[in-house]
Amino acid sequence: MRNRTLPILLAGLIALPVPALAEADRFTLQNNLDHVWTTVAAGLVFFMQAGFLLLEAGSVRAKNSINVAQKNMLDFILSTLAFGCVGFAMMFGDSLGGFVGWDSRLAFLNTEGEWNLTFFVFQLVFCGTAATIVSGAIAERMSILGYVLCTLLIGCLIYPVAGHWAWGGLLNGADAGFLAQMGFIDFAGSTVVHSVGGWVGLAAIMVIGARHGKFDENGRPVELHGHSPILATFGAMILWVGWIGFNGGSTTAGTPAFAHIIANTMVAGAFGGLAQFALGRLTEGYHKPEFMINGMLGGLVAITAGCDAVGPHSAALIGAAGGTVAYLARNALERRARLDDPLGAVAVHGVAGALGTILTGVFARDDALLAADRLTQVGVQALGVAIVFLWSFGLAFAVLKTVSVLMRGPDGRPGLRVPLEDEIEGLNIAEHHAPLGLDNVVRAMRKIVEDPRAEVADIPLDPGDESYEVGALFNQIMATIRDRNASERAQSVNVSQIGSFVECLSRVMGCYAQGDFAARIGSEDIPPEFADLARAIDDMAEKVQHMLSEIETSVGAMAQGDLSVRINGAESGVFAAIQTQINTSLADIAQVIEEIEQAVRQASAGDFDTQLPEEGRAGFLFQLCNGVNRINRIATFGLSDISQVVGRVAQGDLDARMRADHVGAFRKIAGDVNDMVDELSGIVADLSASTRIVGETADTILNQNDAVTAAARANQSMVTDLSARVRALVEKTSGNGSRVRDAQSRATSVRQAAEETRAISRETVARMSEAAQAVREINSSLDEIGDLAAQTHLLSINASVEAARAGDHGAGFAVVAGEVRGLAARSADTSREIERHVEAVETKVLDTSQGIGKTDSALDTILDSAVHTAELMDEISAVDAEVIRVMNKIAADLNSIESSALGNLRAAETSERMAHVLQDSAAEALAKLARFAGPAADNLATPPRAAASGG
């Protein structure tokens, strides 16, 4: 942070020499110029609020212009509160990881120090600019409450956080945000200020939707003209002037450094306006006012990021690109995405700001690049644009969408939007009760259009109002209309009564035409001259209603089967004729129904000879009687024919057939009966043939049964003999078990004896091994004794030599030495003798051990043989048991076979008896079938009776 504390500076100047004092004066002057320029620039930026106000008020319809102006003032008031209390401390406080800052000394309007205050004012108007951009996007349909929410969201959170990422270190010279650390360039706020406002506006218009009537039924945009392009153009010129302070003041230094910045700003604005001016003319054929306005603003927004880093030529290209993309983006949002942005704020500030920020990396001078190279700089610029978009749009959309869902309006619209009737009437009246120009006249005329009979009161007039004369004339017109209506109402009272009678008469006649005779004209409000007519019509309706009621009763009873109900009462005229005709018809119908019931009862008893009288009857009664008579005749003819055919068939005549001249159902019955007789004839023939085959088969069975019976008896005899032999074999085999068990017992005894002998043998071998070891130890001891004897002999020799040397003195020692030598010789001999005996013992021990080892091997063989023998005995025992089981099974099977043979023999005998019965039955059936006459009976003959077989 710059040190602007004057007391410290003055204290330091006292000790300086004159040249130093001159330098201090220049420093103080520059410090003052910095304050002055930054404050003047802040004033220019603040003046842009007036530019936005005029631009937006002129670009919307007159009925909403006051509302737009009020929102432009309201957003700066709220921005001062939000940014001064929270936003400034969050944007320029101590950084937390480069993402957000905070300094309680800057919060809640506690900012102190001249430069801090100057810097605060400059940043405050920037925050107000970001907030006021939204008002153009949501104009003519967002409520005051919704706009307050948007402004507070920008001033407290969205703008301070995004600003900290890029500008967080501007106040104290440290704690730069993470985008600034990456080298992100946004000198005066193409992204930080303008895109933030544009992206929040985009979120808002997506949440609240388009203005009423902006898109037709096919989704095509409808052009809603602003009421004053002059005001809009004047506002745009003010914004251009204010941009001098917006970009030039961002140096916060009163030095010539801002000269090229302002020059670039002016050039970019001009080229942006020119680009869209030409593009709009080429694509739409007109020079619409908004083309130059939005083109100029798009160029200014685009150059704002790099106005200090590029030259005038690059500024011209960036400005033209900004104006062009603002036009294209507005058309795309409106025509393709169907998003309603009345002023094109999203395209101008959001899209053009993003493009200008990226182009800064493309056109910046080499010495102005903050990244490692140009390509990296472009990447950093694009990354910064994307991150700020995600932050601004994402947070705004989430908050506004949530509030919109939770706060639905009475008419079901989003809670951030005004009701439909308020939108149609205009927000000047709905939210401010501040009519403008012809608003009152238009509202009164709208009421007349909605209800031509409405009584519209006089419009309040103000002689100083521009619409005074129009309002006065409108009041005179309405007074004339009211007088004329009163005169017409007085003259049309009688006509109204006649019209009411005619209307009532028409209504009653309409009811009569629909069959409703309950309607009456009555006597109320009837002109006297029409009273008799009304009573006559009501009397006639009463008569008709009574007659219809009687007819309805009779017909209803007839529909229920009751023909006794008649129309009662003494009628006259046409009603008497109707009464007589209906009662006579009911009597005739009742008589015919009674005769038909009698005929039906007789028919149900089998008598179809009844004929109803037809003479004197006409119409449907004649047809009904004639039809019943025809039914009886046809039934009698058909049943008679059926009876004669059935009788002949019962007598055995299969040539009987029904006549072919029957009609209706009897024709089908005749065909079915004839088919049945044909089928019966075929069945008789087939049954005869089958019976003959049965008789022949019975003969065959009787002829073959003798052989079967003889074979069954032979099989029974063989099976009985075989069964006896098997039982004898089983008895012989059953003794093998005890013999095998005895052999198993002996084998087990042998195995146990072998095991005991092998144990003794192995113990003997172990003891022989011990003896051999003892012999080896004795030999070792004898070797030592021999060594001792040799050494003793050698010592005795040495002793003799020494004794000889000693002469007479060694004579006694020589005798001892000789004795010792002799003892050593005897010891050596004795040792050798003992060694010979020990060797002989060792040889015998070894021979004995080898013999015992061979015995042990033989015992192993014997033991293995005994074990194998035991196993064989087990197997023999198992096989013997299996043989016994199989033999028993064979015996059981032979018993079953024997039983089956007996059963076969009995079956053969039974078959013989059944064959005789079948032969008798076939002969009897052929005898019964022989009674049928016809083609099928020609083949019937009793088959010859086969000779009975002997059993």
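Just so it is clear, the model here is predicted, and its values are computed rather than measured.

Participant: Where do I start with the overall build of the protein in this structure?
Facilitator: A count of helices and strands for the protein gives 24 helices and two strands. Counting every position in the protein, which comprises 951 residues, the buried fraction comes to 39%. Counting only contacts in the protein whose residues sit at least 6 apart along the sequence, the fraction spanning at least 24 positions is 74%. For the protein, the exposed surface amounts to about 49900 Å²; the carbon and sulfur share of it is 62%.

Participant: So what exactly am I meant to see when it comes to the pattern of salt bridges here?
Facilitator: In a structure, side chains of opposite charge can pair up when their charged atoms sit close to one another. Tallied over the entire structure, the rule returns 14 salt bridges. Of the charged contacts in the structure, one is a salt bridge between Arg657 and Asp678, with a shortest N-O distance of 2.3 Å. Remark: Asp678 occurs in helix α22 (residues 664-733) and Arg657 occurs in the loop between α21 (619-650) and α22; sequence separation between them is 21 residues. What makes Arg657 partly exposed here is its relative accessible area of 30%. The structure contains a network of salt bridges with shared partners spanning Arg61, Glu140, Arg211 and Asp340.

Participant: Please clarify how unusual backbone geometry should be interpreted in this entry.
Facilitator: Most peptide bonds take the trans form, and the phi angle of most residues other than glycine is negative. One non-glycine residue, Glu140, lies in positive phi territory at about 80°. Among the structural elements, Glu140 can be located in the loop between α4 (114-137) and α5 (144-167). Since its relative accessible area comes to 0%, Glu140 is described here as buried. Even without being glycine, His433 reaches a positive phi, approximately 50°. Within the secondary structure, His433 sits in the loop between α15 (427-432) and α16 (439-450).

Participant: For this particular structure, what's the right way to read the packing of helix α12 (residues 345-363) against helix α13 (residues 374-406)?
Facilitator: Each pair of packed helices gets described by two things: the angle between the helix axes and the distance between those axes. It is at 8 Å that the axes of α12 and α13 come closest, and there the two elements cross at 165°. Taken together, the axes of α12 and α13 are roughly antiparallel relative to one another. Where α12 crosses over α13, the handedness of that crossing is right-handed. Counting all contacts with α12, which are made through Ala354, Thr357, Ile358, Thr360, Gly361, Val362 and Phe363, the residues of α13 involved are Arg374, Gln377, Val378, Gln381, Ala382 and Val385.

Participant: Please explain the packing of aromatic side chains as it appears in this structure.
Facilitator: The description of two aromatic rings rests on the distance between their centres and on the angle between their planes. Tallied over the entire structure, the rule returns 21 aromatic pairs. Both rings, one in Phe88 and one in Phe120, keep their centres 5.2 Å apart while their planes meet at 75°; by these two values the pair is edge-to-face. Placement of Phe88 in helix α3 (residues 62-92) and of Phe120 in helix α4 is noted, with a sequence separation of 32 residues between them. We note that Phe88, like Phe120, is buried. An angle of 10° between the planes, with centres 4.2 Å apart, marks the rings of Phe126 and Phe246 as stacked. Highlighted residues: Phe126 in helix α4 and Phe246 in helix α8 (residues 229-248), separated in sequence by 120 residues. On the basis of relative accessible area, Phe246 is assigned to the buried category, the value being 0%. Ring-pair connections join several aromatic residues into one group, and the members of that group are Phe83, Phe88, Phe92, Trp115, Phe119, Phe120 and Tyr159.

Participant: I tried to follow the packing of α3 against α5 on my own but got confused; where do I start?
Facilitator: Here α3 crosses α5 at 40°, and the two axes come no closer than 8 Å. Relative to α5, the element α3 is oriented oblique. Regarding α3 and α5, the two cross each other, and that crossing is right-handed. The class makeup of the residues in the contact of α3 with α5 is 18 nonpolar, seven polar and two charged.

Participant: Just checking my understanding: could you explain helix α11 (residues 312-336) for this structure?
Facilitator: Residues separated by three or four positions in an α-helix point in the same direction, a consequence of the helix having 3.6 residues per turn. Taking 1.5 Å of rise per residue, 25 residues should cover 36 Å, and α11 covers 35 Å from first to last C-alpha, within 8% of that figure. One or two steps after α11, the chain reaches Arg338, where phi turns positive at roughly 55°.

Participant: Would you mind going over a nonpolar patch on the surface with me for this structure?
Facilitator: Taken together, Leu145, Val405, Leu406 and Met407 make up a surface patch of nonpolar side chains, about 400 Å² in accessible area. Among the secondary structure elements, Met407 is positioned in the loop between α13 and α14 (420-425).

Participant: What is the right way to look at the nonpolar core in this model?
Facilitator: General note: in soluble globular proteins, nonpolar side chains tend to be found buried as a group. Formed by 88 residues in total, the largest nonpolar core has its most connected members in Phe126, Tyr159 and Trp167. No other element matches α4, which puts 12 residues into this core. Dropping the residues within four chain positions of it, Tyr159 is found in contact with Phe83, Met91, Gln123, Phe126, Cys127, Ala130, Ile154, Trp167, Val192, Val193 and Val196.

Quick notes on the rules
- Residues numbered from 1 in each chain as written.
- Predicted model: local features only at pLDDT ≥ 70, side-chain atom pairs only at ≥ 80, totals over all residues.
- Heavy atoms only, no water.
- Helix = DSSP H or I, 4+ residues; strand = E, 2+ residues; numbered from the N terminus.
- Buried < 20%, exposed > 50% of the residue type's maximum accessible area, 1.4 Å probe, protein only.
- Contact = heavy atoms within 4.5 Å.
- Areas by Shrake-Rupley, 256 points an atom, 1.4 Å probe, with all protein chains shown as cover.
- Salt bridge = Lys/Arg side-chain N within 4 Å of Asp/Glu carboxyl O.
- Axes fitted to C-alpha atoms, helices over the stretch in contact; angles between N-to-C directions.
- Parallel < 35°, antiparallel > 145°, perpendicular 65-115°, else oblique.
- Left-handed = near helix turned anticlockwise from the far one by under 90°.
- Phe/Tyr/Trp six-rings, centres within 6.5 Å; stacked < 30°, edge-to-face > 60°.
- Nonpolar A, V, L, I, M, F, W, Y, C, P; charged D, E, K, R; others polar.
- Expected span 1.5 Å × (residues − 1).
- Patch = residues over 30% accessible without salt bridge, like charges linked within 9 Å, V, L, I, M, F, W, Y side chains within 5 Å.
- Core = buried A, V, L, I, M, F, W, Y, C linked by side-chain atoms within 4.5 Å.

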